[in-house]
Amino acid sequence: MSLLEKSIYWDSFYSSRKKGAPAYPSQFAAFVINELADVDGIIEFGCGNGRDSEFFAAHGFELLALDASKEAIELCRSRSAHERARYVQSTAGEARDALQGFLAGKRKVAVYARFFLHAIEEAEAAALLDLLGVMLPSGSQVFFEYRTVDDAAQDKIFGTDHYRRYLEHGSALAGIERAGFSIVYQIEGHGLAKFRDEDAKVGRCVAQKN
Ligand SMILES: C[S@@+](CC[C@H](N)C(=O)[O-])C[C@H]1O[C@@H](n2cnc3c(N)ncnc32)[C@H](O)[C@@H]1O
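Before going into details, it helps to say that this report is about the structure given with it. (Residues numbered from 1 in each chain as written. Predicted model: local features only at pLDDT ≥ 70, side-chain atom pairs only at ≥ 80, totals over all residues. Heavy atoms only, no water.)

**What to know about the packing of aromatic side chains**
Phase 1: Here the structure, examined in full by the defined rule, presents 11 aromatic pairs.
Phase 2: Both rings, one in Phe-31 and one in Tyr-185, keep their centres 5.8 Å apart while their planes meet at 40 degrees; by these two values the pair is tilted. Of this pair, Phe-31 sits in helix H2 (residues 27-33) while Tyr-185 sits in strand E6 (residues 181-189), and the two are 154 residues apart along the sequence.
Phase 3: On the basis of relative accessibility, which here comes to 18%, the residue Phe-31 falls in the buried class.
Phase 4: Using a relative accessible area of 34% as the deciding quantity, one classes Tyr-185 as partly exposed.
Phase 5: Counting every residue linked through ring pairs, the aromatic cluster contains Phe-28, Phe-31, Phe-55, Phe-56, Tyr-112 and Tyr-185.
Phase 6: Positioned over the ring face of Phe-102 is Lys-106, at 4.2 Å from the centre of the ring. (Phe/Tyr/Trp six-rings, centres within 6.5 Å; stacked < 30°, edge-to-face > 60°. Helix = DSSP H or I, 4+ residues; strand = E, 2+ residues; numbered from the N terminus. Buried < 20%, exposed > 50% of the residue type's maximum accessible area, 1.4 Å probe, protein only. Lys NZ or Arg CZ within 6 Å of the ring centre and 35° of its normal.)

Printed below as a string of structure tokens:
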């Protein structure tokens, strides 16, 4: 799927679900909020309908949420209840300026991305990790959750139209370390991102900037 096809796909996905955005966070966001270590703000990549961004903002965190889809960002802005949450349409590859603005004056931040690394191409994911490795202050935390290779064969509630690049968990962790982070916690398994009849096999990782 080309970048343009992906962008058309996600715009149509979010425009058809305007009334259906859940008001509650994902399991991963509930896990992450307990792991945050005195950060000055949170940056979310691939925020989608904003359910997790709004959860973090509701708990007092300053937030920058990015998504490539114009429809997703419009949806997030229309339902946002928090001035401290800023929604920006941007691909991960074009995020440098938005990141720079958000990081100004901050001691350390958290980066959060759920079901995002597997939704972008390998080159863009590697470039994003490199950018984070260069730009994040030392001690900053990153939190990723992504579908892993064993999940490829499982049935999906959202079918096969989503672009999914199933990750090998060990390789994903090695890539995060190569970019200048230390893995603090990681797990791969079922039960972490269950959604109705679908219990995806996912990898989770918490890492800290060296
Ligand atoms: C599988 S969805 C995950 C959404 C949300 N994080 C969640 O867990 O429900 C992937 C999201 O990444 C966005 N996306 C896809 N490619 C992107 C890119 N290159 N840069 C930024 N966002 C992108 C899509 O618009 C979509 O909202």
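Now that the structure has been shown, the text picks up again.
**Some points on the environment of Thr-91**
Phase 1: Relative to the helices and strands, Thr-91 is located in the loop between strand E3 (85-89) and helix H5 (96-103).
Phase 2: Classification of Thr-91 by relative accessible area gives partly exposed; the value is 22%.
Phase 3: Sequence spacing of Thr-91 and Asp-67 is 24 residues, and the spatial spacing of their C-alpha atoms is 6.1 Å.

**Overview of the site of the ligand**
Phase 1: Near the ligand there are 17 residues, and of these Tyr-14, Gly-46, Asp-67, Arg-114 and Glu-124 occur at the shortest range.
Phase 2: Tallied by class, the residues present in the shell around the ligand amount to eight nonpolar, five polar and four charged. (Near = heavy atom within 4 Å. Nonpolar A, V, L, I, M, F, W, Y, C, P; charged D, E, K, R; others polar.)

**Notes on the pairing of strand E1 (residues 42-45)**
Phase 1: Of the two faces of E1, the one lined by Ile-42 and Glu-44 and the one lined by Ile-43 and Phe-45 are each fully buried.
Phase 2: Crossover E1 to strand E2 (residues 63-67) through helix H3 (residues 51-58) is right-handed.
Phase 3: Here E1 pairs with strand E4 (residues 110-114) via three bridges, running parallel. What sits directly across from Ile-43, in E4, is Val-111. (Right-handed = clockwise from strand over helix to strand, strands pointing away. Pairing = 2+ DSSP bridges.)

**Some remarks on the layout of surface pockets**
Phase 1: Size it by volume and the largest pocket reaches roughly 1,300 Å³.
Phase 2: Every residue lining the largest pocket is counted, 48 residues in all, and those nearest its centre are Trp-10, Phe-13, Tyr-14, Arg-114 and His-162.
Phase 3: Contributing elements (two or more residues each) for the lining of the largest pocket: helix H1 (3-15), H3, E2 and strand E7 (194-195).
Phase 4: For the lining of the largest pocket, the leading source of residues is H1, giving six residues.
Phase 5: Here the lining of the largest pocket is composed, by residue class, of 23 nonpolar, 12 polar and 13 charged.
Phase 6: As a volume, the second largest pocket reaches approximately 330 Å³. (1 Å grid on protein atoms, 1.4 Å probe; cavity = no way out; pocket = protein on both sides within 12 Å on 5 of 7 lines; lining within 4 Å. Points joined across faces, edges and corners; volume = space filled by probe spheres on them.)

These figures come from the coordinates and say nothing about function on their own.
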